[in-house]
Amino acid sequence: MELSGKEIAQMHKDYVMQSWSKSGVDALAVEKAEGIYFWDYDGKKYADMSSLLVCSNLGHELPEIVEAIKEQADKMCFMAPAYATEPKSKLAKMLVEAAGAKDYQRVFFTNGGAESNENAIKMARMVTGRTKIFSCYRSYHGATLASSNASGDWRRFAAEIGGAGGFIKFMNPHMYRDGFNKGVDDEAVTKKALEDLELQLRYEGPQNVAAILMESIVGANGVILPPDGYMEGVRALCDKYGILMICDEVMAGFFRTGKWFGWQNFDIKPDMITFAKGVTCGYVQLGGVIVNKKIAKYFEENVLQCGLTYSGHTLACAAGVAALNYYIDHDIEGHVAKMHVIVETFMNEMVEKHICVGEARCIGLFAAFEMVKNKETREPLQEYGIPGKWMPWIFAELKRRGYATFGRENFIEICPPLIITEEELKEYLPILDEVLTKVDEKILSGEIQ
Ligand SMILES: Cc1ncc(COP(=O)(O)O)c(C=O)c1O
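Computed from a prediction, not measured in an experiment: that's the story for all the values here. (Residues numbered from 1 in each chain as written. Predicted model: local features only at pLDDT ≥ 70, side-chain atom pairs only at ≥ 80, totals over all residues.)

Broken down by element type, the protein chain carries 14 helices and 16 strands. At 22 Å, the protein chain has a C-alpha radius of gyration in line with the 22 Å of a compact globule built from 449 residues. Looking at the protein chain residue by residue over its 449 residues, the buried ones come to 48%. Expressed as a percentage of contacts within the protein chain between residues at least 6 apart in sequence, the contacts between residues at least 24 apart total 72%. (Helix = DSSP H or I, 4+ residues; strand = E, 2+ residues; numbered from the N terminus. Rg over C-alpha atoms; globule rule 2.2 N^0.38 Å. Buried ≥ 20, exposed ≤ 12 C-beta atoms within 10 Å, placed from the backbone. Contact = placed C-beta atoms within 7 Å.)

Laid out in structure tokens, this is it:
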């Protein structure tokens, strides 16, 4: 017996524990998805303008990935990690080549982003014999114990109860929020941020620090673009003190920023690259860690004390091979470069037009509006860490108009599937404009104070 949309939603409410939420809340029942769209059980269509959780880079139900999964399922759904399978071997090679075969050597596969960071942290500790892991306050690295502890935003708090040792946070620069201007103050901000970081490393004892873990472009905390020279400076500090640099590419990877990986926008090479999301676009869950030659060599001589029943899951790797082939064969890099111009132009117009938009940040199709109550003072529409009603109101208004996306305190993310067309952008971006106009009206009328 098929369930109705209402029954599905009710059973979800009654039986499912929902991520980052109190239980027993309403959830929209979704019946099907295709391309950049999904539909609820009343037939209402939504444009997926955030690629769900910035993972559906190639949209939904892409025939090439669906067929690859079906073909693999007919042959062999799963084989244990110690066996070689065609999809796993192929995907590992493709990932190493995407990162750069001159510098990188091997991949450890996981089931998602958190596990990738978890295992990269373990590897960093094994390789260096050091304990401490530096990471940024303005960051998110996943919800397992170590990944949570490495995450900077409030989502780590529950994992800190009882804790996991050795996790040190530093404040990564956010030019707009810190009162500076990107393109103007980069040099000074970079200099100060690196001096602060080096001092903090000295106070912690750099000889105790195994790794600095960073998102190459901070995603879920607002698509924060680092000041020029900052990432290169962090790399130099790592080199100076024998610290490993781990770039978390879970959200920024797979052409989200216009390149295979976000770090390729800078003049750096991390020692380890963690990935998930866009590797399969969520068709089957998969993540992993790509390691450079030095770390690969270490684990030729030492046992890798990491393991997962589903490491290199056959079906997931088949989806991954199909996704990576699609990125390459359909020149997603070139397409993102074209769509980026449309999104960036629109966003800059919105900054000019709306009093509620403080700043637009956009790299590839990874973008966010910084929302303000007052453009002069940059007072945020919603303060970090303080629940407010206006950001949820904005997301509800967008959804009502068939524009599905997410954001958090103070920013709206614009991260559509990378296959979005010019026509689709021109149809849906004006909806954002319309809702921003409503926010302006509420600021002017004094309803938003
Ligand atoms: C940068 C980053 N790292 C790690 C994760 C965790 O990934 P997962 O939810 O697959 O465990 C996320 C999830 O959004 C992320 O954005």
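This part takes up unusual backbone geometry. The phi angle at Trp-20 is positive, at roughly 50 degrees, despite the residue not being glycine. By the element assignment, Trp-20 lies in the loop between helix H1 (5–15) and strand E1 (30–34). With phi around 70 degrees, Phe-255 is a residue other than glycine that occupies positive phi space. Assignment of secondary structure puts Phe-255 in the loop between strand E8 (244–248) and strand E9 (272–275). The class for Phe-255 is buried, based on 25 C-beta atoms found within 10 Å.

Turning our attention to the environment of Ala-296. Mapped onto the elements of the fold, Ala-296 is located in helix H10 (residues 293–301). Each C-alpha atom, one on Ala-296 and one on Val-107, is 8.9 Å from the other, the two residues being 189 residues apart in sequence. Once residues within four sequence positions are removed from consideration, Ala-296 is found in contact with Gln-105, Arg-106 and Val-291.

With respect to spatial proximity, 15 residues lie near the ligand, and among them Gly-112, Gly-113, Ala-114, Gly-142 and Val-250 are the closest. A per-element tally of the shell around the ligand places helix H5 (residues 113–128) first, with three residues. Looking at side-chain class alone, the shell around the ligand contains seven nonpolar, six polar and two charged residues. (Near = placed C-beta within 6 Å. Nonpolar A, V, L, I, M, F, W, Y, C, P; charged D, E, K, R; others polar.)

Okay, the sheet that holds E9 next. Sheet architecture is open: seven strands sit in the order E4-E10-E9-E8-E7-E5-E6, paired in mixed fashion. Across the chains shown, the open sheet's two edge strands, defined by having one partner strand only, are strand E4 (104–110) and strand E6 (167–170). Averaged over all pairs of adjacent strands, the angle between strand axes in this sheet comes to 20 degrees, irrespective of strand direction. Pairing geometry for E8 and E9, over three bridges, is parallel. Looking at E9, one finds that Asp-248 is bridged to Thr-274. Sitting on the sheet, helix H4 (residues 86–99) touches E4, E9 and strand E10 (287–292), and the angle it makes with E4 is about 130 degrees. (Pairing = 2+ DSSP bridges. Axes fitted to C-alpha atoms, helices over the stretch in contact; angles between N-to-C directions.)

What follows concerns the domain arrangement of the protein chain. Structurally, the protein chain comprises domain 1 (5–61 + 331–445) and domain 2 (65–329). A separation of 25 Å is found between the C-alpha centroids of domain 1 and domain 2. On the domain 2 side, the residues contacting the 29 residues of domain 1 number 25 residues. Looking at the side of domain 1 that touches domain 2, the elements with two or more residues in it are helix H2 (51–54), helix H12 (332–353), strand E11 (357–363), strand E12 (366–374) and strand E16 (411–414). For the side of domain 1 that touches domain 2, the element with the highest residue contribution is H12, accounting for five residues. Among the residues forming the side of domain 1 that touches domain 2, the class breakdown is 16 nonpolar, six polar and seven charged. (Domains from an automatic or database assignment.)

Further remarks concern the environment of Trp-263. Following the sequence through the fold, Trp-263 ends up in the loop between E8 and E9. A tally of 26 C-beta atoms within 10 Å means that Trp-263 is categorised as buried. Apart from residues lying up to four places away in sequence, Trp-263 is in contact with Ser-216, Cys-247, Ile-268 and Pro-270.

Where burial is concerned, most of strand E7 (residues 209–215) is hidden: seven out of the seven residues are buried. Where strand E5 (residues 132–136) lies against E7, four bridges are found, and the strand directions are parallel. Along E7, the bridge assignment pairs Ser-135 with Leu-213. Across five bridges, E7 lies against E8 in parallel orientation. In the sheet register, Leu-213 faces E8, and the bridge partner there is Ile-246. Crossover connection from E7 via helix H9 (residues 230–241) to parallel E8: handedness right-handed. (Right-handed = clockwise from strand over helix to strand, strands pointing away.)

Turning our attention to the packing of H4 against helix H11 (residues 314–329). Interaxial distance between H4 and H11 falls to 8 Å at its minimum, and their mutual angle equals 45 degrees. With respect to each other, H4 and H11 are oriented oblique. Classified by chirality, the crossing of H11 by H4 is left-handed. The residues of H11 that touch H4, namely those facing Pro-87, Lys-88, Lys-90, Leu-91 and Met-94, are Thr-314, Cys-317, Ala-318, Gly-320, Val-321 and Leu-324. Split by residue class, the contact of H4 with H11 holds seven nonpolar, two polar and two charged. (Parallel < 35°, antiparallel > 145°, perpendicular 65-115°, else oblique. Left-handed = near helix turned anticlockwise from the far one by under 90°.)

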